[in-house]
Structure formats: structure tokens, C-alpha cells
Amino acid sequence: MVKISTFLSMVICLAMPNQFFAMHSNLLVKNAVYSSSENKNDSVKNNAASQLFVFGNSAKNKKNTLINNALVYDDTKGFGFDFNSASNVKINANSFSITKPAYFSIAVPEGNYQVEVTIGSAEKDSKVTIKAESRRLMLNEFAVKKGQKITQTFNVNVRNIKIDDQTNISLKDREKEILNWDHKLTLEFLGEVSIQSIKITRKDNLTVVYLAGDSTVTDQDVEPWASWGQFITNYFDQNIVVANYAYSGSSLSSFKGANRLKKILSEIKKGDYLFVEFGHNDEKIKGEGNGAFGSYSTLLTEFVNSAKEKGAIPVLVTPTQRRFFNENGTLKETHGEFPAAMRAVAQKNNIALIDVTKMTTELYETWGDEPSRKAFVQYPANTFPGQEKALDDNTHFNGFGANEIAFCVLKGIRELDIPLKKHIKKETPDYNPKKPNFISSWTLPMSARFEIVKPDGN
């Protein structure tokens, strides 16, 4: 696997494809002020339910953790600026700002956390994008006028591989170093940033939306790859948290075999949701007893009934289309009988269904052959450092495309008779795949880490 990591001096948007980007790389200490001269070993970890970090070299708040220097994360303190980004941070009188994307991490146990970020500067306007863990979008270019102070709140799921004393999730080698599976809650800050404070609070009463799926659903850890599961996080209110267990290259059988379904079932509770989208890789499984109306349908039934037994609400999601066009401008059907098989399972078992196959067919055909390329990872050679060959992927989305698919899923939720639709943020626009957005209006800053190797599965 080729992975390239550098820092750039600007924030880059997908709307500017000729530019490039790069970079890669216990708890609250009360009544403490941290500076570069402090002995790290003097830190005392605290398992308080809430942790409040206040930034600034003029801040005077003895009840919380004051940070007056761009501290580098280490496991002794359990917090700090991470992934070689501390040099991008400037500590101001009552906030921190950045010159390039920066990461702030806090060591926390597995669980769901409410994050409250206070934004604002007396000297300049702010326009802040925040992503959590493996690039889950939490705040999209949120603007705060000079002299104002606004707190934004969102929820983040933090997890580990442990199920019980004998059983763990099996991770692929490519997953072992991604942000979703470390022992930290990591926030990535991009744009015109002025952050006054960060507060995190453990929340055990949130409704959890669990996601089971493949590379078109998972939290893609690095640019330019993206999936709808890491963008839909931006559109739910403070009562919802998304726990995305999807992974690249997975089928129903491999997802179950890696103990991911077992992990979900060990945590899911009454009123939670399990969204299930598979098909891309299930189609490759040949042999007697397999196929759309064989093992695929049997496993789908097992997944949804297992969730129902726990009092949760399963939702089936037909697979996203691949971008392959006929000469007449219509889309080729590459999934065979698999979408029909999922629809049949939903009808037979009285399960809610979102027909993303149908919506993405309409979406791509409305865009047309050439414009639809802008929603996928298709970039000419040398767009990114070390990229000697063109990226020409017709399955995996970039950030713009993943966000459009998230809108399709939200449209499906709104059309279903499930309580979750009441928790879509009111400002989220209605969506019609026959009247889609275009990349010319897409300005979300790209994250600071990338690789040119395709995700597993195609």
C-alpha cells in the first residue's frame, strides 16, 4: 500500500481538483494549566463524566483544563494536538487558530460522547469545519461573525474491537491504524478556525444509528475516498449518534464472520436502528446456495431479525449504483437480482427499505456521463503528490458524491414511517435525485490525510 503524508499551506476543496493536499500521520486534569515547560509525568488522570478544555494565553478558569500552549498529544496527559499538527496551531488570548488543518485528541473509553465546541474571535470572522475520528463530518463551514461567540454541539461514537473477554472484532490490516479504532476521540479542524473551548460529556441515553455495509458506507479514513455513512452524521440532531461498523470489501458473510454483527448486537438497544446495505461484494460470491435469492437473502433476514429481537428498528438500503452508462445515456444495471432480492426480504419481513439503487440510477442519469464523474474518485495523474497514474473509479465516491448519497438516504428516511425522521436537522434541505447538486457549489475543505490506493472492494 502506498501512503503519502505531507503538510500543505492551504485548505483545499474538491471544487479545485488541480490542487492537492496531504498529511498523516488518561483524561481530564482538573485545575491545571498546560504549557511547554510542564513535566508531563505530573499529570493526574481523572474519569470525570465531562471534560472541558479552555484555550488561550489570557484565559483564567481554574475549574477546567486551561491550555495556553500548542501541546502535542501523548498518552500520559491523554489530550493534545495530534498527528504532527501542533505546529499548525497558534494559541491566542482566548482561543486557538490554525494555519493548516489540525487535530485535537482526547483519550476516552468506548462510548458515545456529546461534544460542545465554542467558536468565535474578537479579531476576525470564523468559518469552521469539524470532522471527527475517521473524517465523520460534524460541522460544515460554520460561520461566526467577528465579536460573536457560538457553541455548536454534536455526538461522536468511540469504539474498540472488544466484545467480551473471549471475543473481538477482526480488523483488516488496513484498518488497524485508522482513527476509528484507536483509544481516542479525535477532532479535525479546518478553515478559518477560532476555537475557545471544547467540552466532551459521556452520553448513554442517545439513540444510536448502527451502520452495516461495505466501502460505499464506511468511514473512509483518508481522502479522496468518501462514503455516505461519514456524511450523514452532519444531518442528525443532538439526540442521535451514528456508529458506523461498515468496512471496505465486506459482504454480509464476511461482516458476520469478522464478529461485527455480534459487536452491534452486544450493544444495540430498544429504539436504536440498524441500517444494512450490502451487495457490491456479495455479488462476487459464487457457488451452490449463494446468489441474490440464496445466502444473500438468508443473511439479510438474519441481520434484520436479530435487530428486531433486541427491540431495534432495522432498515434495509439497496446498494448504490456503479457509474456505467449505456450509449443512450441510461445507466447499466450491474447489480443483477440483488436489489430485487433485498426488496423481497423487506416486504416478506415487513422491514423498512430505502431504495438507494433506484435513487442513484436517477441521480447519475440526471447528471449524465461526464458531470457524474465529479462525484467519484476520478482525478488525472499528478493531482496529488506521488500519484503517477490517473484515478478512475466508478464505485467509490469523493466527498461531494458521498454527500449526495447521504441526501438520498435522508430522503428515504423522511419517506418512512419511523421516528428517526423527526431527528433530521430542520435546516437539512429536501432532496430530489432528479434535481441534484453540482460540484460547482461544493466548497467543503478536504481533510489533511490521503492515500492513492483504492479501498478494498469494487
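What you are looking at is a predicted structure, and each value in this text was computed from that prediction instead of being measured.

Procedures and definitions
Residues numbered from 1 in each chain as written. Predicted model: local features only at pLDDT ≥ 70, side-chain atom pairs only at ≥ 80, totals over all residues. Heavy atoms only, no water. Pairing = 2+ DSSP bridges. Helix = DSSP H or I, 4+ residues; strand = E, 2+ residues; numbered from the N terminus. Axes fitted to C-alpha atoms, helices over the stretch in contact; angles between N-to-C directions. Contact = heavy atoms within 4.5 Å. Expected span 1.5 Å × (residues − 1). Buried < 20%, exposed > 50% of the residue type's maximum accessible area, 1.4 Å probe, protein only. pLDDT = per-residue confidence, 0-100. Salt bridge = Lys/Arg side-chain N within 4 Å of Asp/Glu carboxyl O. Lys, Arg positive; Asp, Glu negative; His and termini not counted. Polar contact = N/O pair within 3.5 Å; in protein donor to acceptor, adjacent residues only side chain to side chain.

1. Let's talk about the sheet that holds strand β15 (residues 207-213)
- Strand order in the open sheet made by the 5 strands is β16-β15-β17-β18-β19, with parallel pairing throughout. The sheet terminates laterally at β16 (240-244) and β19 (352-354), the two strands that pair on one side only. Taken pair by pair, the neighbouring strands of this sheet meet at an average axis angle of 25°, ignoring direction.
- Sheet strands touched by helix α4 (residues 338-349): β17 (273-277), β18 (313-317) and β19. Its angle to β18, the strand with the most contacts, is close to 155°.

2. Some words on helix α3 (residues 292-309)
- An ideal rise of 1.5 Å per residue puts 26 Å on 18 residues; α3 measures up with 24 Å between its terminal C-alpha atoms.
- Taken as a whole, α3 has its buried residues at Ala292, Gly294, Tyr296, Ser297, Leu299, Leu300, Phe303, Val304, Ser306 and Ala307.
- If you follow the buried residues of α3, they end up packed against α1 (252-257), α2 (260-267), β17, β18 and α4.
- Looking one or two residues beyond α3, the residue adopting positive phi is Gly311, at roughly 85°.

3. A word on unusual backbone geometry
- Following Glu223, the chain continues to Pro224 via a peptide bond in cis, the omega torsion being 0°.
- For Pro224, the position within the fold is in the loop between β15 and β16.
- Residues other than glycine seldom take positive phi values, yet Phe83 does so here, at roughly 55°.
- Looking at the secondary structure, you find Phe83 in the loop between β5 (79-82) and β6 (89-91).
- Relative accessible area serves as the criterion here: at 13%, Phe83 is assigned to the buried category.

4. Examining the sheet that holds β5
- Strand order in this open sheet of 5 strands is β5-β8-β13-β10-β11, and the pairing throughout is antiparallel. Looking at strand neighbours, the two that pair on one side only are β5 and β11 (136-144), the edges of this open sheet. Strand-to-strand twist in this sheet, taken as the mean axis angle between neighbours without regard to direction, amounts to 20°.

5. Focus: the confidence of the model for the chain
- Mean pLDDT over the chain stands at 90; residues scoring 70 or higher make up 89%.
- For residues 1-33, every residue scores under 50 in pLDDT, and the model assigns this stretch 128 contacts once sequence neighbours within four places are set aside.
- Overall, residues 35-48 carries pLDDT values under 50, and its contacts beyond four positions in sequence, including any with other chains, amount to 25 contacts.

6. Concerning the pattern of salt bridges
- Applying the stated criterion to the full structure yields 26 salt bridges.
- When the shortest N-O distance is used, the salt bridge between Arg449 and Asp221 registers 2.8 Å. Residue Arg449 is located in the loop between α7 (399-415) and β22 (450-451), and its partner Asp221 is located in the loop between β15 and β16; the two are separated by 228 residues in the primary sequence.
- Here the salt bridges share partners, and the residues they tie into one network are Lys172, Arg174, Glu451 and Asp456.

7. Here we look at the side chain of Arg159
- With respect to the helices and strands, Arg159 occurs in the loop between β12 (150-158) and β13 (184-192).
- No salt bridge forms around the buried Arg159; measuring N to O, its nearest opposite-charge neighbour Asp219 is 4.2 Å away.
- At a separation of 2.8 Å, a polar atom in the side chain of Arg159 contacts the side chain of Asn157.
- Only 2.4 Å separates the side chain of Arg159 from the backbone oxygen of Asn244, close enough to count as a polar contact.
- Setting aside chain neighbours within four positions, we find Arg159 in contact with Glu110, Arg136, Asn180, Trp181, Asp182, Asp219, Ala243, Asn244 and Tyr245.

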